[in-house]
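Structural overview for review
Below, each chain spelled out in residue letters.
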Amino acid sequence: MQLSIVVPTYNEAPNIAELVRRVTQAVRGLQAEIIFVDDSTDATPQTITDVAESASLPVRMIHRTHGAGGLGGAVVEGITAAQSDVCIVMDGDLQHPPEEIPALYADYVRGGVDMVVASRYVGNGRATGLADNTRVLVSKASTALTKSMFPIRLKDVTDPMTGFFLVDRRAIDIEGLAPRGFKILLEMLARKTLRVREVPFEFAGRHAGESKASFLEGLNFIAQLTALRFGKMSLFAIIGGLGALANLALLWLFTHFGMGYIAGMIIASELTIIGNFVLIERFVFQDMKGAASGVWSRFAKSFTFNNAELLVRIPVVALMVHSWHFSSVIAAAITLVIAFFVRFVFHALVVYAPKRAGARKSPLREFVEDLDTQAISPGEL
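If you're wondering where the values come from, they're calculated on a predicted model, not measured in any experiment.

We now examine the nonpolar core. Looking at soluble globular proteins, one finds that nonpolar side chains tend to be buried together. Formed by 31 residues in total, the largest nonpolar core has its most connected members in Leu 3, Ile 5, Phe 36 and Leu 166. Here Ile 5 is in contact with Val 23, Val 27, Glu 33, Ile 34, Ile 35, Ile 88, Met 90 and Ile 101, once residues within four sequence places are set aside. Membership of the second largest hydrophobic core comes to 30 residues, among which are Ala 82, Val 167, Leu 186 and Val 196.

Phi is mostly negative for residues that are not glycine, and the peptide bonds are mostly trans. In this model, Leu 94 sits at a positive phi of 70 degrees, which is unusual for a non-glycine residue. Look at Leu 94 and you get buried, because its relative accessible area is 2%. The backbone of His 325 sits at a positive phi, close to 60 degrees, despite the residue not being glycine. Of the residues examined, His 325 reaches a relative accessible area of 67% and is grouped as exposed.

What follows concerns the packing of aromatic side chains. Throughout the structure, instances matching the rule amount to six aromatic pairs. Taken together, a centroid distance of 6.3 Å and an interplanar angle of 85 degrees make the contact between Phe 201 and Phe 203 edge-to-face. Of the residues examined, Phe 203 reaches a relative accessible area of 8% and is grouped as buried. Ring plane angle 5 degrees and centroid distance 4.0 Å describe the contact between Phe 305 and Phe 346, whose orientation is recorded as stacked. Of this pair, Phe 305 sits in helix α10 (residues 295-322) while Phe 346 sits in helix α11 (residues 328-351); the two residues are 41 residues apart in sequence, bridging distant segments of the chain. Taken together, the ring pairs in this structure connect Phe 277, Trp 296, Phe 299 and Phe 303 into an aromatic cluster. Arg 120 extends its terminal NZ or CZ atom over the ring of Phe 203, reaching a point 5.4 Å from the ring centre.

Another point: the pairing of strand β6 (residues 165-168). The alternating pattern of β6 places Phe 165 and Val 167 on one face and Leu 166 and Asp 168 on the opposite face, and all of these are buried. Where strand β4 (residues 86-89) and β6 come together, four bridges link them in antiparallel fashion. Residue pairing for β6: Val 89 is matched across the bridge by Phe 165. In this sheet, β6 lies alongside strand β5 (residues 115-119) in antiparallel orientation, the contact comprising three bridges. Residue pairing across strands places Val 117 opposite Phe 165, the latter belonging to β6.

The next subject is the packing of helix α9 (residues 261-283) against α10. Their axes nearest at 10 Å, the elements α9 and α10 cross at an angle of 145 degrees. Our pair here, α9 against α10, has a crossing hand that is right-handed. In terms of residue class, the contact of α9 with α10 is built from 15 nonpolar, five polar and four charged.

Attention now moves to the packing of α10 against α11. One can describe the packing of α10 onto α11 by two numbers: an axis separation of 9 Å at closest approach and a directional angle of 155 degrees. One element, α10, and the other, α11, form an angle in the roughly antiparallel class. The two elements α10 and α11 cross, and the hand of that crossing is right-handed. Each residue belonging to the contact of α10 with α11 can be placed in one class, and the counts come to 14 nonpolar, five polar and five charged.

Turning to its location among the elements, Arg 169 is positioned in the loop between β6 and α6 (184-191). In sequence terms Arg 169 and Asp 85 are 84 residues apart; their C-alpha atoms lie 5.4 Å from each other. Apart from residues lying up to four places away in sequence, Arg 169 is in contact with Ile 79, Thr 80, Ala 82, Gln 83, Ser 84, Asp 85 and Ile 174. For Arg 169, the side chain forms a polar contact with the main-chain oxygen of Ile 79, separated by 2.8 Å.

Here we come to the environment of Asn 307. For Asn 307, the position within the fold is in helix α10. In the structure, Asn 307 is positioned 41 residues away from Ile 266 in sequence and 9.1 Å away in space, judged by C-alpha atoms. Excluding residues within four positions of it along the chain, Asn 307 makes contact with Glu 270 and Ile 273.

Ordered in space as β3-β2-β1-β4-β6-β5-β7, the seven strands form an open sheet in which the pairing is mixed. Each edge of the open sheet is held by one strand with a lone partner, namely β3 (59-63) and β7 (196-200). Taken pair by pair, the neighbouring strands of this sheet meet at an average axis angle of 25 degrees, ignoring direction. Taken together, the five bridges between strand β2 (residues 32-38) and β3 define a ladder with parallel strand orientation. What sits directly across from Phe 36, in β3, is Met 61. Those strands touched by helix α4 (residues 101-109) are β1 (3-9), β4, β5, β6 and β7, and its axis lies near 145 degrees from that of β5.

Looking at the protein chain, pLDDT values average 80 and 79% of them are 70 or higher. Here residues 357-381 scores under 50 on pLDDT; set against residues more than four positions off or in separate chains, the count is 44 contacts.

With that out of the way, let us pick up the pattern of salt bridges. Applying the stated criterion to the full structure yields 14 salt bridges. For the salt bridge of Arg 120 with Asp 159, the shortest nitrogen-to-oxygen distance reads 2.8 Å. Within this pair, whereas Arg 120 is found in the loop between β5 and α5 (133-149), its partner Asp 159 is found in the loop between α5 and β6, the two being separated by 39 residues in sequence. Each member of the pair Arg 120 and Asp 159 is classed as buried. Three or more residues joined by partner-sharing salt bridges are found here, namely Asp 85, Asp 168, Arg 169 and Arg 170.

Thresholds applied
- Residues numbered from 1 in each chain as written.
- Predicted model: local features only at pLDDT ≥ 70, side-chain atom pairs only at ≥ 80, totals over all residues.
- Heavy atoms only, no water.
- Core = buried A, V, L, I, M, F, W, Y, C linked by side-chain atoms within 4.5 Å.
- Buried < 20%, exposed > 50% of the residue type's maximum accessible area, 1.4 Å probe, protein only.
- Contact = heavy atoms within 4.5 Å.
- Phe/Tyr/Trp six-rings, centres within 6.5 Å; stacked < 30°, edge-to-face > 60°.
- Helix = DSSP H or I, 4+ residues; strand = E, 2+ residues; numbered from the N terminus.
- Lys NZ or Arg CZ within 6 Å of the ring centre and 35° of its normal.
- Pairing = 2+ DSSP bridges.
- Axes fitted to C-alpha atoms, helices over the stretch in contact; angles between N-to-C directions.
- Left-handed = near helix turned anticlockwise from the far one by under 90°.
- Nonpolar A, V, L, I, M, F, W, Y, C, P; charged D, E, K, R; others polar.
- Parallel < 35°, antiparallel > 145°, perpendicular 65-115°, else oblique.
- Polar contact = N/O pair within 3.5 Å; in protein donor to acceptor, adjacent residues only side chain to side chain.
- pLDDT = per-residue confidence, 0-100.
- Salt bridge = Lys/Arg side-chain N within 4 Å of Asp/Glu carboxyl O.

As structure tokens, then:
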């Protein structure tokens with residue numbers, strides 16, 4: 001097998017037959033296969049099965065019921081299952097024209113590269129398939145932000161946000177990837193120095209269906225950038241900082257309208273405790289949840305600890321206000337900073353501690369090792 005084409009899909013039934021038809025024409029003369037990694041809840045799996053029966057090249061499907069790692073996780077699973085070491089990744093909506101596959105493969109065959117990226121921003125490449133000027137602006141701003149955070153690793157890449165690329169899987173550390181949402185190319189490029197060339201392509205409009213891009217995926221992208229660049233602690237700090245600002249804003253609001261500062265502290269803290277738990281579940285410890293206790297157990301540990309910490313903070317704040325004449329907001333801010341470090345250690349070592357039978361590493365050692373795999377060292381930037 002010369003080439004494996006990995007296509008992650010989520011509810012793309014109307015696009016499957018046309019995609020297979022156009023890919024088949026594009027790879028004529030090559031020994032190639034298509035691997036659909038499907039997380040769909042519609043008729044897509046059955047459509048893939050039906051199309052595969054009459055296709056003139058091998059078409060395989062991996063149907064996932066849980067979709068771990070989102071689109072990025074699907075890509076990793078497809079690359080791992082591929083029969084060829086040379087894999088092309090493309091979307092299932094035909095915004096990545098299959099007719100460009102030969103150009104990607106030919107550029108790789110020339111030698112000297114580990115990856116060939118189809119770029120909207122080099123040569124005569126175009127991003128015409130983006131829905132409107134706002135999407136174009138967001139795409140370019142995201143690209144600029146990403147390149148500014150990884151100036152060395154991405155120096156030869158104009159479009160690190162594209163989902164259309166060829167990669168030699170022997171050049172990447174598949175086990176070391178931590179896919180999160182859409183941007184698997186960024187994950188690969190940021191974690192290891194790769195030899196990259198680009199070819200231009202025109203980003204087309206969708207053949208059928210609706211875009212899967214959303215505000216949540218935007219948050220996933222920011223979380224991925226932060227985790228890659230700084231590691232878990234900094235991401236936890238950002239969420240903690242946002243929670244602290246929300247806490248102080250709520251406290252100011254409550255006291256401004258006449259509520260006592262102690263009652264205001266309690267209500268503001270309960271709201272931010274819940275909000276912070278939701279955010280760290282989604283963006284910080286996402287990759288550790290599978291080995292930890294259940295979600296309600298994690299929530300109970302987190303909620304109980306944070307409320308115990310609150311019971312300690314309230315008298316400390318009261319002492320600072322009444323005896324040392326701090327303002328209530330300043331006193332709360334100081335104690336929140338101290339509480340952050342205590343919360344981080346507790347969540348890392350207790351709330352998300354892995355459940356393992358028999359002899360195992362200490363939670364501290366496991367967590368430190370996990371941090372090492374998540375962050376990119378400054379020297380690699």
